[in-house]
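# A look at the structure
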Amino acid sequence: MRGGVLLVTALFILGSHAGGFDFIVRGNEDIVTSEVGFNEFNFGSNWRGPAQSTVYINYRYDEAATNEFGEPDQSFQYYPPGETTPIPLTFSLIPEDFLADPLVFPVIQNDPRICGSITKRAPINQICIQGDTACNGGYEYVVTVGVDNLVDRARTNIEYIGGNPPVLVQSSEVLRPTSNTLYGKLGATFQVSGSETVLINATDFQGEPRGSIEWFFRAGGTGAETQLPGSLAGVTITNAGDGQSILSLSGVNAAHVGEYIAVATNEHGEDRASAFVTQGVAPFITEGSGQSGSSSFRVGANRDVNPGETITIRAEDSQSNPSSTITWSYSRSESGPYSAITSGGPYSISSSSGSGNVGTDSRLRISNVGSGQYGYYRATAVNPHGTVTSSSSLIGRSPQLNLGSGIETDGNGNIGSDYLAGIGSTVTIRAQDLTGFPTSSFRWQRFNSLGLLTDITTGGRYRITTNGANSELRITGVTPSELGTYRATASNAFGDSTGESLVGTPSGCNSGSNIVRVNNGATYESGASFDTTNANSFRIRGSDPTGVPTGTSSFQYSRTPSGPRSAVNGAYAVTATPIGAAGTIDFFNLVDGAYGYYHVTNSNQFGSAECSNLVGSQLAFRTGSGQIGQNYQVAPGSSQAITASFSDGFPYGEIVWRRPNGQIITSSTPGYTIALGNGVSQLVINSARSIDYGTYTATASNTFGSVTASSVVSETVVVIPPVIEEGSSDTINEASGGVVEGDIGESFSAGPGETVTIAVNDIAGREPSSIRFFRSPPGSQQFVDITDNPAYTITTTQGADGFTDSTISFTAGPDTYGTFRAQASNSAGSDAAISQVGQAPRIPDIFNIVRIVSGQSRTVDVGGQIYVQEGGSVTLSADDIEGQPARNFIWTYRNDPTDPFGPLPSSTRINQGVSGTTGLLTINNIDRTIYGEYRVVATNEFGESDPVTTIVGAPPIIRFSSGTVTSGQGEIGNDFIIPNDNRLRIMACVVGGYPPADPRAFRFEEQGVLLNSVQQPRPNDNCFFYEEGEFEITCGTTISTRTENIFGSSNTPSSQVIFPPPTIEPGTATCSQGSSQASAQIGSDLCLYGRDTFDISCSVERINIPAFTFQWLFNGVQIQSGGKYTIREADRQNSLLTVTGITVDDTGRYGCRVVSTCGETNLESTDVSTYNYDYICNEVAGTPQCLESVNGGPPTIVLNSVCEALNLPRPPCDICDWVMTPWSECSDPTCHRGRRNREVTCECNLIARPDDDCVARPKPATVDRCGPLGVRCNRPCQWKEYNFGSCSRTCGASFRDRRVECVDLVTDNRVNEDCCNVLFKPDGRQTCDVPPCNQCVDLMDSRDCDLFVTLVGNCDPYPYSVRRSCCATCSQRGL
C-alpha cells in the first residue's frame, strides 16, 4: 500500500436477495447458559449467558457463494444495545501468528462501543467473542456472504446477563495477631495447643452479585456436614457485607477439631472451600551452629573429630505436642542422598519424651569414630501436626599435608622438600592431604621478590592437577624466574595445613681473567685481578650470581696461588665481613704485605663455588746510584755493577738483561756475572771492553704489565760544561689527546688529569750531565728538588753524540702546577732553564635555589636563582677552583633577558672584592631597580673561565581592582554582570618581579581550570585579556588570574560572572490534511506521510551564555542517542533530533530542553502525527475512494482530492470483463417461450483469458428464453428498467450494470422472465469509456505484499484473495 499499511475490508451494504439466496448454514436454537464457560453455535442461533463467557459463532456457507478464489466476499456488522445503526467490524489481513491453527485475525478498530475482544478464525470460518465485565445487555451480530450482488445475510443475538458466579479466596497463611488468637483464610490449617480463638475469613472476590455465605462443619474431618452455628460451642458467624463472612471459634478444644466449609451462592452458581482446625504443636528442633569444641553438641553444629574419639549429637525438640518421633540419617555429601541410621556398630540412638508428652530429646552417640563415620548427620522430628528436619552436622577432620624433607635431586617429591633444579628442567611438587574431611581444596602460591605471597594458576610453565585429596604442581622448563619458595595450602571447613618447598640452584661464583684498574674508594665484584698501582683503599664484594637461595660467603688468603691459606683477619689493614653472598674484603692504605691471592667461597644447601682474586700492582724499578736507570763511565778494563730491584709491584717478575747489541745476557754469557735475589738482580760487567760500551736494559713483567729501564755505559771522556737548549718563552702548549708536550723554557696549559711532558736537551756537555728538576708552587719563590719524587717520571738518555737528553712527565693538578727549573751539571759546570705549568680559571656553575627575606643577608655561590625580597642583601661568591696562577674577576649585569650584559649598576649598594681564589660581589638592600642577572668571568695568562650567571629576582605581581562591572568589561577582581548580547572581557596587568613572567605562563582560570587568554601589549607593562568564547565558562562561576616566573606565582582575587538564562527560539508552523514535512523547528507541529524519517531542530536564541546542554524528551521522558534516535549538535547553538524507522508508536509530543547553570531550563514541544492515505475500490459504486488513517487509527473516508494532491495512483476497480456475441434467432418466434443462444468469453484488456480471471460478476447466461415482443403466454407482463450503476473499473475493460426485471403489469411485482419476450429485454450492462490499463498493480504497499506473499507462500485464495491485493508481486514471482 502506498503511504503505509492501511488494512480495510469493504462492506456490502446490499439487502438480502428477495429471491432467497440461502448460502449460509444457519442455526435456529436459543441457548441459555447459567455459568461462565465456552459456547459454540451457528449464526442464526441466539445465546444468553454470563458476561465473561466465550462465544464461538460459525458462518459456514454453500459453495455456490464462492468466487473464483474459492471464497465468498464477507462482511460483519455489530449492533450495540439500543442502537439501530450498525458498526462495521474490520479485521486485520495479518494473523496474530502465522504458525497457529486456526489463524486468528483481530479487529483492528478501536471503538469503545465494542464489547469484549472479537477475532476471526480461519479457515474454519468462525467469529470468537470473549466477553468481559463491561458486557451487559443484548448485542446483534450480522454476517453477509455472497458474490457480486448475490448475497445472504444471517443474524445472531447475544444477551449478556450481568454478573458472575462467586469465587472464594483461599490462602494457607495463618497469622497470630495476639498470643491467644489465630487468623487466616479458607485453605489454611489452624494448629491449636490450648483454648485459643480461631478466626476464619471467607471472602467472595468475583461473584456478581456477591454470594451469600453459609458455614458447615465436619467433625474430625470425616463426619457428616452439619450447618453452623448448630450445637458446637463457642461458634460465632459475622457477615461483614460485600461477600465477606468471618467464622469465630473461641475456647477451641478437641470438639472443634475438624473441617470447616464455607459455601458462597448467587444466581450464577456457587463455590465451596474449606479450612481445618487441628489440636497440638508441630515439632521444632533447636539447632547448634559453628564449630563445637565439646564432644556433646546440638545438631547443626560441626565437629573436628580425631580418629578413635566418641561424640554425641543432640536433637532437642522442646515444643512438639504430642511428642515427636525423632529419626537420624547420614550422607557422605551435604546434598545427599541421606540414609537412615539405627543403633548398631558405632551408632547408639537414645530418645525420650518430655513432661506431659510435650517435646522429645534424642541423642546419637558415635563411638570410636573412624573415616567411615565422617560425613553429614541430621535429625527429623515427626508428629501429627508436622515434620521438621534439622540442618546437618558435619563430622570431619582438619587437613594434614604429607610433608617431605631434605633435598630432592630428581625434581619429584612432596611439599616440604627442597628441589635442586637445573635451568630447563621439570619440577613436580605433590601436596597430599592425609586426614582432611570433607575433601580439602588446594591453593598454590609462591613468594615474589618483595617477599609477598602470590597465587599460582595453571598457565605458562605452571600446571596444577588436583584429584581428591591430592594436588600436584608441575613446573616445566624451569627458568630463573621460576626459582624460589612455593607454598601449598590444603583447606576444608575445619582448618588449613600448609607446606613450603624451595626450588633452587647451587651457589656460583664470578670468575675470569679480567684485570681491574682500581680507583680509591671503589667497590668491585670478586673474580678478577686487581691492579692497585694508583690506589691503596678499595673493596672487593663477594657475589653469588646463580645460587637460589643466595649463599653465604667466606674468605681466605694466600701469598701464592697454591700456597698455604689463612683467614683474612685484619693483618695489613685488610678485613673481611661475611654478609650473605654479598660479604666484603676491605683494603685500607694497601702495603706490600697485603698483596696476594684472596679466595671467596659461596655456599648454599644445594652446593658451593670458589673464585680467587689477585691483588697486586704494576712493577717499578728502583732508581738511584748503582741502580738501573743511571749512566756509567767506565775505563777500559774496569768493572761496573748495575743493580735492578723493584721499588713497587706484585707479583715479582723475572728480570731479563740485554746488552747493547740486544742480546739477552745470562749467567753463562762471557764477560758478565748475574747475581739473583728476591726481587733483585745485579749485572756485573767484568773488565770492560769496547764492545761492552752502550745501553743496557733490564725488563720485568707480571699480570699487570711490564717495566723496562736502561743505563748507558760509556768510556771516560774530556768533560765540557752542559748547555740547555730552551724553547720560546711566549709559547703556550695546550693538550692534544690528553698530553701537553714541549721544551723547557715554554709555558704549558694543562687541565687536571692531563699529562705534561717537558723535554730538556744538553747540547754542549761532553761528559754525561746529571739533570735534576726543581719546582716552585704558584705564588712562591722557593724551588724544591723533585727529581726523586715518585709523582714525576724522569727519563734521561745519552745521545749518540754524547750529549744528555732528559724528559720529565707528570699528571697536571693543583700539586704539580707552578714554575719548573731543569739544571744540568757535570764536573765542568752547570746550566739551568725554567717553564711555567698552569691552567685557565674555572668557576663552578652551581644551580642554587635560595630565598632571602627582607632584612636578611646571605652569602651564596654564583649560579642558579636567588629570590630576594626587597630589603634583603646577598653576597655572590665565585670560587675559581682550577685557575693557576692568580686571576682577575670581571662582573657584568643586565635587567632584561633580551639585552646583552653590560657594566654593573652605578650604586653604592653594589661592591666587589677578592678573597684568595674567590671573587665576591655584595648587593645590599635590594629593590626592584637592581633585580636582574649578574655574570662573572675569571681570567689569567692561560685563559678565562666560562661565564656563570646568577639571577637575582622575585615573583611577579598582578594588579587588580574590586567592585561591580555591568558592561562586561573591566579589570580582574571586579564582579561582572553580563548584559544581553555582550561578551565578557577581563583585563589583568603584570607589574614588578624579575625575570619577567613568560606570557605563555599567564593563566585565566575558572575554579582552577585553564581558560583561553590573549596578550595585548601596553606601554610600560604586560596586560592580558580574557574574552569569553566557545561557551567556556559556567554561570555564576568565579574567574581568577595567575602568572609565574622561576621564583613563584602570583594570584588575584576572583571575579564572579553572571549570565542571563538561555532561551529557545520556538517555531509556530502548523500542518493541514494531506501535507507532509520531513523536518520542523521545535514548537511547530510535524505531520508525516509516506516517510520513515523526520528531523526536529532546537536553537538557542542568545549566544552570550556559558556552556549549556540540550536534552530531548518524548512524551515527557528523556531520550538518548541510539537505536532509532540520533541526536547531533550542528554547532554550539543548535541541536538536531533525527527519528528513523518511524511507526505509530513514534507519534506524540517531542520536547527540547536547554539546561544551563545560568537559570531555569526552558522547554518547547512539537506534536508529531503520522498520516496514511490510500485508495480502495468502492465495489458498490465501482469507483476508487480515498481513505485517511491518523497515527495508525481506523481509516476514514476523505475527499478524493486529498489522494490526488499526493499523486497516489488510482487503482483499477475492475480489470477483466465478460464479452458477449449477439443472441441467435429465437427458436419459437410465436411466443416468449422460445430459446436463443450466444457466446460469452472473458477478456482482460481486450485479450481473451480463462473464465477464472473475470471476477467482477458471474458469467452471463449463454441460453435464454425468447419470443415476439408483446405477445403474452399466460398473463400481461413487461420489462422494467432501473438506473445504471458505477463503472466497474477506471481503466481497461470496464462496464456498468443495471437491473432489468420482468414485472406483472397489474401488480408491478417481479415475475418469471418467461412471461416477457426475451428478444426485447433491455440491456443490463453498458460498456464504460475509460483508458486502457498498462499493467496490474499492488493495491497494498509493495513491501507489505512482499512480506505477505513470503509468509503465505503462494497467491492462492487461502486465507484471503492475495492475488487481488498483490497482483504485481504475484506476477513478478510467477505465482
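The paragraphs below set out a description of the structure included in this document. (Residues numbered from 1 in each chain as written. Predicted model: local features only at pLDDT ≥ 70, side-chain atom pairs only at ≥ 80, totals over all residues. Heavy atoms only, no water.)

## As for the packing of aromatic side chains
Inclusion rule: Stacked, tilted and edge-to-face are the three classes assigned to paired rings of Phe, Tyr and Trp, where Trp is represented by its six-membered ring and a pair needs centres within 6.5 Å; plane angles under 30 degrees give stacked, over 60 edge-to-face, the rest tilted. Put simply, DSSP H or I for four residues or longer makes a helix, DSSP E for two residues or longer makes a strand, and each gets a number counted from the N terminus. Each residue's exposure class comes from its accessible area (1.4 Å probe, protein chains only) as a fraction of the maximum for that residue type: buried when under 20%, exposed when over 50%, partly exposed otherwise. Charge over a ring is defined by NZ of Lys or CZ of Arg lying within 6 Å of the ring centre and within 35 degrees of the ring normal.
The final tally for this structure, using the stated rule, is 25 aromatic pairs. With a centroid separation of 5.3 Å and 65 degrees between ring planes, the pair formed by Y792 and F810 is classed as edge-to-face. Taken as a pair, Y792 in strand β68 (residues 792–798) and F810 in strand β69 (residues 804–811) lie far apart in primary sequence, 18 residues in all. Note on Y792: relative accessible area 8%, which makes it buried. Through successive ring pairs, a cluster of aromatic residues spans Y524, F530, F538, Y557, F587 and Y598. Here the basic side chain of R821 rests over the ring of F774, its NZ or CZ set 4.8 Å away from the ring centre. The ring of Y1282 carries the charged tip of R1299 above its face, separated from the ring centre by 4.2 Å.

## Some details on the pairing of strand β112 (residues 1300–1304)
Defined as follows: When DSSP locates at least two bridges between a pair of strands, those strands are taken to pair.
Taking burial as the measure, the five residues of β112 include five buried ones, the bulk of the element. Here β112 shows no split at all, with V1300, C1302 and D1304 on one side and E1301 and V1303 on the other all buried. Strand direction decides the pairing type here: strand β110 (residues 1277–1281) and β112, joined by five bridges, are antiparallel. Looking at β112, one finds that Q1278 is bridged to V1303.

## Observations concerning the state of the cysteines
Stated formally: In what follows, a disulfide is any cysteine sulfur pair within 2.5 Å.
Across all of its chains, the model carries four disulfides by this definition. Disulfide pairing places C1098 opposite C1152 at an S-S distance of 2.1 Å. Here the disulfide of C1098 and C1152 is left-handed, its torsion about the S-S bond being about -85 degrees. Taken together, the residues span a long stretch of sequence, with C1098 in strand β96 (residues 1093–1099) and C1152 in strand β101 (residues 1148–1155) at a distance of 54 residues. Residue C1098 is classed as buried on the basis of its relative accessible area of 0%. Residue C1186 pairs covalently with C1203 via a disulfide, S to S 1.9 Å. Residues C1186 and C1203 share a disulfide whose torsion about the S-S bond is about 75 degrees; that sign makes it right-handed. Taken together, the positions of C1186 in strand β103 (residues 1183–1190) and C1203 in helix α1 (residues 1200–1205) put the pair 17 residues apart, joining distant regions of the chain.

## What to know about the pattern of salt bridges
Close approach of charged atoms allows side chains of opposite charge to pair. Note the threshold: Every case where a carboxyl oxygen of Asp or Glu lies within 4 Å of a side-chain nitrogen of Lys or Arg is listed as a salt bridge.
In this structure the tally under the stated criterion is 35 salt bridges. The closest approach of N and O atoms between R487 and E500, which form a salt bridge, is 2.5 Å. With a gap of 13 residues between them, R487 in strand β41 (residues 484–492) and E500 in strand β42 (residues 495–504) connect regions that are remote in the sequence. A residue is classified by how much of its surface remains accessible, and R487, at 22% relative accessible area, is partly exposed.

## Overview of the side chain of T181
Just so we agree on the cut-off: Note on contacts: a residue pair is in contact if any heavy atoms of the two residues lie within 4.5 Å.
Within the secondary structure, T181 sits in strand β13 (residues 181–185). If near-sequence neighbours (up to four positions away) are discounted, T181 is found in contact with L175, R176, T197 and L199.

## Notes on the pairing of strand β79 (residues 932–940)
Regular strands show a simple pattern: their side chains alternate between the two faces of the sheet. Where burial is concerned, most of β79 is hidden: eight out of the nine residues are buried. Alignment of strand β76 (residues 888–894) against β79, held across seven bridges, turns out to be antiparallel. Bridge assignment links T892 to a residue of β79, and that residue is R935. Relative to strand β81 (residues 948–953), β79 is paired through five bridges, and the arrangement is antiparallel. Bridge pairing links G932 to V952 in β81. What sits between β79 and strand β80 (residues 943–944) in their antiparallel hairpin is a turn of two residues.

## Points about the sheet that holds strand β14 (residues 189–192)
Rules: The axes used here are C-alpha line fits, helices contributing only the stretch in contact, and every angle between their N-to-C directions lies in the interval 0 to 180 degrees.
Spatial strand order, β14-β21-β20-β16-β17: five strands in an open sheet with mixed pairing. At either end of the open sheet lies a strand with only one pairing partner, and these are β14 and β17 (225–227). Strand after strand, the sheet turns through a mean of 25 degrees between neighbouring axes, direction not considered. The sheet contact formed by strand β16 (residues 212–219) and strand β20 (residues 258–266) spans eight bridges and is antiparallel.

## Things to note about the sheet that holds strand β50 (residues 584–587)
Spatially, β44-β46-β50-β49 is the arrangement adopted by the four strands of the open sheet, whose pairing is mixed. For this open sheet the edge positions go to β44 (523–525) and β49 (574–577), each flanked by a neighbour on one side alone. Averaged over all pairs of adjacent strands, the angle between strand axes in this sheet comes to 20 degrees, irrespective of strand direction. With four bridges joining them, strand β46 (residues 538–541) and β50 adopt antiparallel strand pairing. Of the residues in β50, the one forming a bridge with F538 is F587.

## A look at the side chain of E140
Here E140 is to be found in strand β10 (residues 137–147). When its relative accessible area of 19% is taken as the criterion, E140 is described as buried. Ignoring any residue separated from it by four or fewer positions in sequence, one finds E140 in contact with Q77, Y78, Y79, R155, T156 and N157.

## Some words on the nonpolar core
The test is simple: Residues belong to one nonpolar core when they are buried, are Ala, Val, Leu, Ile, Met, Phe, Trp, Tyr or Cys, and are joined through side-chain atoms within 4.5 Å.
Ranked by size, the top nonpolar core spans 32 residues in total, and within it I118 and Y160 carry the most contacts. Sort the elements by how many residues they give to this core and β10 lands first, with four residues. When neighbours within four sequence positions are excluded, Y160 is seen to be in contact with W47, G49, P50, A51, C115, I129, G131, C135, N136, G137 and Y139.

The values are spatial; any link to function lies outside them.
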